[in-house]
Amino acid sequence: MGKTDRITERQLSVLIFVSLLSPMIRILPASAVLFAGRSAWLSTALALPAGAALVAFTRWTRKNAPEDMGLADMAVAGLGPVVGRFFDILCALWLTFYGGFIARSAAERLLATVYPNGNTPIFVAVMLAVALFTASGLTKTLSRTAEIMMPILVAVIAVVLLSALPDVSAAHLLPVTYRDLKGMAYGALPIFDVMAASAYFLFLAGRVRRPKSQRPNRFPWLIMLALVAFGVTFFTLGTLGEKLAVAMENAFFMVIRNIKVLGVVERVEAVVVTIWIVTDFIFLAAVLMIVAEIWRTVTGVKKRAVFVVPSAALSGASAFLIAGNAFAFQRWSDFIVPAVNLLLAAILIPAVMAVGKLRRRY
Amino acid sequence: MKKAICALLAVGLALTATSCSGLTLFSNYRRLENIELVRTVTADRDGDGVNVSVYGTAGEQSEARMYERSGPSVGVAMGKLILMPLGREAILSHTETMLIGEELAEISIRECLDYVERFSEMRLDTGILIVRDGTARDLLAGLSGSDTPASDTIAGLSLNIAKVGEGYFFTAREIASSMADNGCALIQCVRGVKEEKLFEARGDLNLEPAGFAVVKDGAVCQYLTDEETLGVILLLGKYKSRNVDLALPDAAVTVSVDLAETDMKPVFDQDGRLAELRVKLSLRANVINIAGEADITDEAVRRECERELTEIMTGAVRAAVRRSQELKLDYLDLEGVIRRSSPLKFEDMPDAWEDVFPDLPVTVEGSGVLARTYDIADPPELSGKEDKNPWEKLIESLKGS
């Protein structure tokens, strides 16, 4: 592994935060509202501790591992070369498919919100082509891009959400009682699901420069992600109401379409949606990079970049084959992808790490 | 070399991204001179199909124009219209209002709402209005004068209707949300009134609010009276102000009711059944003018005014609730109010809300206060009474009490 391509923990955190904005906005608020009803805006409060516990657990299991050991190496060390490699290949295949899903999802959103007469293949191809170049490069280049884009994205989210405040109605958000706790817990599941996807970035952990002293378990990126989840759910639900929010495919973007910034600037959604593509692009590039990193470990080939092109090609193929139309794609988006994601990122990956830890392999 | 490549790329990007060269990367790029900016859209019944028209301008300085097309559906008619007006392309993203003719609204407004919600150029904050006593197209054409663009007239009414307490412009979002939550919704109605033209540059018609229409199952099923409409905006918290005439024995006092707050409390019996809904209306009004003889500085006169004011306003609230119960349509969202007030008791109610709602006893109480008379208290030349020394008045009132 090249010693020059190293990033800091902070850079990895920013990369995770910017990447996960994309699925967070895709699934919220509809999936949380489906479970929790009008109390969905409080579900983040339950998802955050669960997400923090998962991140703290994976961090603890990796504590004594060598600095350049990523999750792919940990799986081989913990499960043995055969089972470990099988696990790695399983993750690589899923993430290759997931990359295609991200590209298709971004394309579908652009078509539904801004470019009704556009066509999916062009958007998918452009997304993959741009991500391909970035993923072929250095990890620190991608992380730096995320670092540069983060303040812009955060500012856009803040402005957009605050501008939506006048349309928020308490009648859409209240009442919430202790009886809603069960629903809120179910509503927290999709939010936790997205937070758990941060586990995929453990495959890049071998590229992270370890700080001289172990830092306490504070995860600012997770808190920021939770704030975004809360904001998106609160403002969309408060503006549209429970039933209308669920009925819409891109409820958050419908809210954006209505906002007026400071009562002066309106029709800003094209700018916002376009900026939003940045999160999809960074997530897609990160996923392709992770896939290449896994294949590098599995095959022992030193140069990671050689795996990026075939991975991107397979992701592209899956983007087109995943669903014939937007309705079928919605099913993948609502149920299949989150379920597999939860199984892999929240259960299998921590379990593999725990096995290695129990066997004292790191 | 690198610098030269960067410079070439920058030039290429500038030419394609900005469309300066006539080339563009954007599939939906439109030149300013080729677009017609639409502000108002109408939809009317036309035989078995729909007639739609758009009203807009080609730019800030150009005169407003109106185009129409008919088709079997709103989508088909709008499709023709968007691409055909005088070679310009109609841009709908700045549409402020959609007017729907009464005849079409009574058959279905679902298609119109669906178009607003689904078509990516339209916005959910588009105001939806129903045109009574005529077609939406004729109203729009009649409102339009060379100095009074119809869209400005509608926008003006939209801004001020709540300030005169005669209604509220619901947007497509509010209507869709109410239909999703309550199964029914309210839409503001307007009508065109033919009056003498005070100046040539104005249109032939005046725009007037005409109460609310009730929408159920995707079509207008009832129209509310002015009194019921006032009650609705009071209960929905959409009220801002209204001038009300109070009839006293020897005078008519006009007051501006600039504060009206409702407080609703459900009462549950021992079995957990919803026994009653108590509505308390708090009013504050100020004297605008007095016709006839009334000494507004006299407390008895003021009490009489307050009693009269309370009666009028609580009467409107009672009428609104009564009509909603008669129609068995909870467009006032009383369910939401009770649920928020007593969430656990509401959930534990033995009877379903739909069964309870039509016969639920609703008590409306009000308290009105005349807050001020502005600078003129009671000048003798206005009330016709001889002015009294304030000290004499105080002594008299003390004696009386």
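One numbering rule holds for all chains: residues counted from 1, following each sequence as written. Both sets of labels track the order of writing: A upward for chains, 1 upward for ligands. In keeping with the model being predicted, local features are shown solely for residues with a pLDDT of at least 70 and side-chain atom pairs are shown and tallied solely at 80 or more, while totals for entire chains, interfaces and linings include all residues.

Caption draft 1: The arrangement of the interface of chain B and chain A in detail. The contact rule is simple: place each C-beta atom from the backbone, and if two of them lie within 7 Å, those residues are in contact. Contacts between the two partners involve 19 residues from chain B, matched on the other side by 20 residues from chain A. Runs of E in the DSSP output that reach at least two residues are strands. Runs of H or I that reach at least four are helices, and both are numbered from the N terminus. For the side of chain B that touches chain A, the elements supplying multiple residues, two or more each, are helix H7 (172-182), helix H10 (334-341) and helix H11 (343-348) of chain B. Sort the elements by how many residues they give to the side of chain B that touches chain A and H7(B) lands first, with five residues. Charged means Asp, Glu, Lys or Arg here, nonpolar means Ala, Val, Leu, Ile, Met, Phe, Trp, Tyr, Cys or Pro, and polar covers whatever is left, Gly included. Of the residues assigned to the side of chain B that touches chain A, the class counts are five nonpolar, six polar and eight charged.

Caption draft 2: Just the pairing of strand E11 (residues 251-268) of chain B, in detail. All names here are of chain B. When DSSP finds two or more bridges between a pair of strands, those strands are recorded as paired. Sheet analysis places strand E10 (residues 242-247) next to E11, joined by six bridges and oriented antiparallel. The residue bridging Asn-243 from the neighbouring strand is Ser-256, located in E11. Sheet analysis places E11 next to strand E12 (residues 274-292), joined by 17 bridges and oriented antiparallel. For Ser-256, the partnering residue across the bridge sits in E12 and is Asn-286. The loop that links E11 with its antiparallel partner E12 comprises five residues; one of these, Gly-272, has a positive phi angle of about 85 degrees.

Caption draft 3: Representation of the domain arrangement of chain B. Residue and element names in this part refer to chain B. Where each domain begins and ends is defined by an automated method or by a domain database. Along its sequence, chain B is carved into domain 1 (32-223) and domain 2 (225-401). The straight-line distance from the C-alpha centre of domain 1 to that of domain 2 is 34 Å. With 16 residues of domain 1 at the interface, the matching set in domain 2 holds 16 residues. Sorting the residues of the side of domain 1 that touches domain 2 by element identifies H7, strand E7 (184-194) and strand E8 (205-216) as the ones contributing at least two each. Element by element, the count of residues in the side of domain 1 that touches domain 2 is highest for E8, at four residues. Split into classes, the residues belonging to the side of domain 1 that touches domain 2 amount to eight nonpolar, six polar and two charged.

Caption draft 4: Helix H6 (residues 150-160) of chain B, seen in detail. All names here are of chain B. Three or more residues of H6 are buried, namely Ala-150, Ser-151, Thr-153, Ile-154 and Leu-157. Taken around the axis of H6, the buried residues stretch over an arc of 160 degrees, which confines them to a single face. In H6, the exposed residues that point more than 90 degrees away from the buried face are Gly-156 and Leu-159. Next to the buried residues of H6 lie strand E1 (35-46), strand E2 (49-57), strand E5 (97-101), helix H5 (136-143) and E8. Three classes are used. A residue is buried when 20 or more other C-beta atoms lie within 10 Å of its own, exposed when 12 or fewer do, and partly exposed in between, with C-beta atoms placed from the backbone. What the arc measures is the spread of directions leading from the helix axis to the C-beta atoms.

Caption draft 5: Inspection of the packing of helix H8 (residues 226-235) of chain B against helix H9 (residues 299-327) of chain B at higher detail. Residue and element names in this part refer to chain B. Interhelical geometry of H8 versus H9 gives an angle of 95 degrees and a closest axis separation of 7 Å. Considering the angle they form, H8 stands roughly perpendicular to H9. Facing Glu-227, Glu-228, Leu-230, Gly-231, Val-232, Leu-234 and Leu-235 of H8, the residues of H9 in contact are Met-313, Gly-315, Ala-316, Val-317, Ala-319, Ala-320 and Arg-323. Taken together, the residues that form the contact of H8 with H9 break down as nine nonpolar, two polar and three charged. Convention adopted: a line fitted to C-alpha atoms gives each axis, helices being fitted over their contacting stretch, and angles between N-to-C directions are expressed from 0 to 180 degrees. For this classification, under 35 degrees means roughly parallel, over 145 means roughly antiparallel, 65 to 115 means roughly perpendicular, and everything else is oblique.

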